[in-house]
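These are the residues of each chain, in order.
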Amino acid sequence: MESFEPEETPSLPPRLSGEAAERPFAAAIARSRAGTDAGLILHDIRPDRLSAALILAPEVPLGRAMAMAIAAANAFGDAFGALAPSEVAAQFDWPGGFRINGGRCGGIRAAASTRDAAAEPDWLVIGLDVPFFAPSEVEPGETPDRTTLWEEGCADITPQRLLESWSRHLLVWINTWEEDGMVRLLGDWTGRAAAIGDDVELALAGTRHAGRFLGLDETGGMLLKTGGETRLLPLTLMLEDE
């Protein structure tokens, strides 16, 4: 698709700044490695898709900082709830997926300067990706487990409005985490979870996992029951190199 320029510069809340970029997640990683200050949201606003990535500089160990993935998902849920028709439901898959009316529809990504949960990262990048309508080469029904906002009756939501709303709600959730810790973040996420209590399969860091999704631990990790054993899958498993 040809490049697309939004009609106006996105309006972001204080403490955050924005800049257009191709492939925002990869660009944010590169900018983080080069020493860009925290609080910058790189974004690619197109008619068919919103992609964005926020650069953070946590002052806590990575295992705790991964709470930002939960905060970003909650922020999407709040932003979507404020903009979408009331009958359209948004839910979450662990660790970062979104579901709209049950269909998979984008999600949260993450990358960091380290994968050591006990180490304080130099930087953490949280990405957002949401499809608004399918590419023209994709036939209806070709991917029945996936959907887009337009397919679910959300044609009045624009990528720019979603970015602006997400950024405002994200800042609220970051402040909540800084002041109150994880309890409210986990409660909100769990209330929108799509599969707690169900059997799930997922692939993380090159390994497939299957079992009963029991819920989240105090850091946002998945408690997965396989046979007679309950294992913890930490949120750090969702980290990407790019």
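Residues numbered from 1 in each chain as written. Predicted model: local features only at pLDDT ≥ 70, side-chain atom pairs only at ≥ 80, totals over all residues. Heavy atoms only, no water.

Caption draft 1: Examining the sheet that holds strand β6 (residues 103-112) more closely. Read across the open sheet, the seven strands follow the order β1-β2-β3-β7-β6-β5-β4; overall the sheet is mixed. Lying at the two open borders of the sheet, with one neighbouring strand each, are β1 (17-20) and β4 (90-93). With strand direction ignored, the average angle separating the axes of adjacent strands in the sheet is 20°. As paired strands, β6 and strand β7 (residues 124-131) are joined by six bridges and run antiparallel to one another. Within β7, the position partnered with isoleucine 108 by the bridge is leucine 128. Helix-sheet contacts for helix α1 (residues 24-33) involve β1, β2 (40-45), β3 (49-56), β6 and β7, and the interaxial angle to β3 is about 15°. (Pairing = 2+ DSSP bridges. Helix = DSSP H or I, 4+ residues; strand = E, 2+ residues; numbered from the N terminus. Axes fitted to C-alpha atoms, helices over the stretch in contact; angles between N-to-C directions. Contact = heavy atoms within 4.5 Å.)

Caption draft 2: Local environment of the sheet that holds strand β11 (residues 229-233). On the basis of which strands lie adjacent, the open sheet formed by four strands has the order β8-β9-β10-β11 and antiparallel pairing. Both edges of this open sheet fall to β8 (199-204) and β11, since each of them pairs with a single strand only. The average angle at which neighbouring strand axes cross in this sheet is 50°, direction not considered. As paired strands, β8 and strand β9 (residues 207-216) are joined by six bridges and run antiparallel to one another. Within β9, the position partnered with leucine 204 by the bridge is threonine 207.

Caption draft 3: Spatial organisation of the environment of methionine 222. Residue placement: methionine 222 occurs in strand β10 (residues 222-226). A relative accessible area of 2% places methionine 222 in the buried class. A sequence separation of 48 residues divides methionine 222 from isoleucine 174, and the C-alpha atoms of the two residues are 21 Å apart. Setting aside residues up to four positions removed in sequence, methionine 222 forms contacts with Trp94, Val200, Leu202, Phe213, Gly215, Arg231, Leu232 and Leu233. (Buried < 20%, exposed > 50% of the residue type's maximum accessible area, 1.4 Å probe, protein only.)

Caption draft 4: Representation of the pattern of salt bridges within the structure. The full count for this structure, using the stated rule, is 13 salt bridges. Arginine 184 is the partner of aspartate 180 in a salt bridge, and the nearest nitrogen-oxygen pair spans 4.0 Å. On the accessibility criterion, arginine 184 (49% relative accessible area) is partly exposed. Taking the shortest distance from any N to any O, the salt bridge between arginine 208 and glutamate 201 comes out at 3.7 Å. Both residues of the pair, arginine 208 and glutamate 201, count as exposed. Where salt bridges share partners, they join Asp78, Asp188 and Arg192 into one cluster. (Salt bridge = Lys/Arg side-chain N within 4 Å of Asp/Glu carboxyl O.)

Caption draft 5: Inspection of the environment of aspartate 198 at higher detail. Looking at the secondary structure, you find aspartate 198 in the loop between α5 (183-191) and β8. For the pair aspartate 198 and leucine 62, spaced 136 residues apart in sequence, the C-alpha separation works out to 28 Å. Ignoring any residue separated from it by four or fewer positions in sequence, one finds aspartate 198 in contact with Gly211, Arg212 and Phe213.

Caption draft 6: Molecular detail of the pairing of strand β5 (residues 97-100). Where β4 lies against β5, four bridges are found, and the strand directions are antiparallel. Within β5, the residue paired with alanine 90 across the bridge is isoleucine 100. Counted between consecutive antiparallel strands, the loop separating β4 from β5 contains three residues. In terms of strand pairing, β5 meets β6 through three bridges, oriented antiparallel. Directly across from isoleucine 100, in β6, lies its bridge partner glycine 103.

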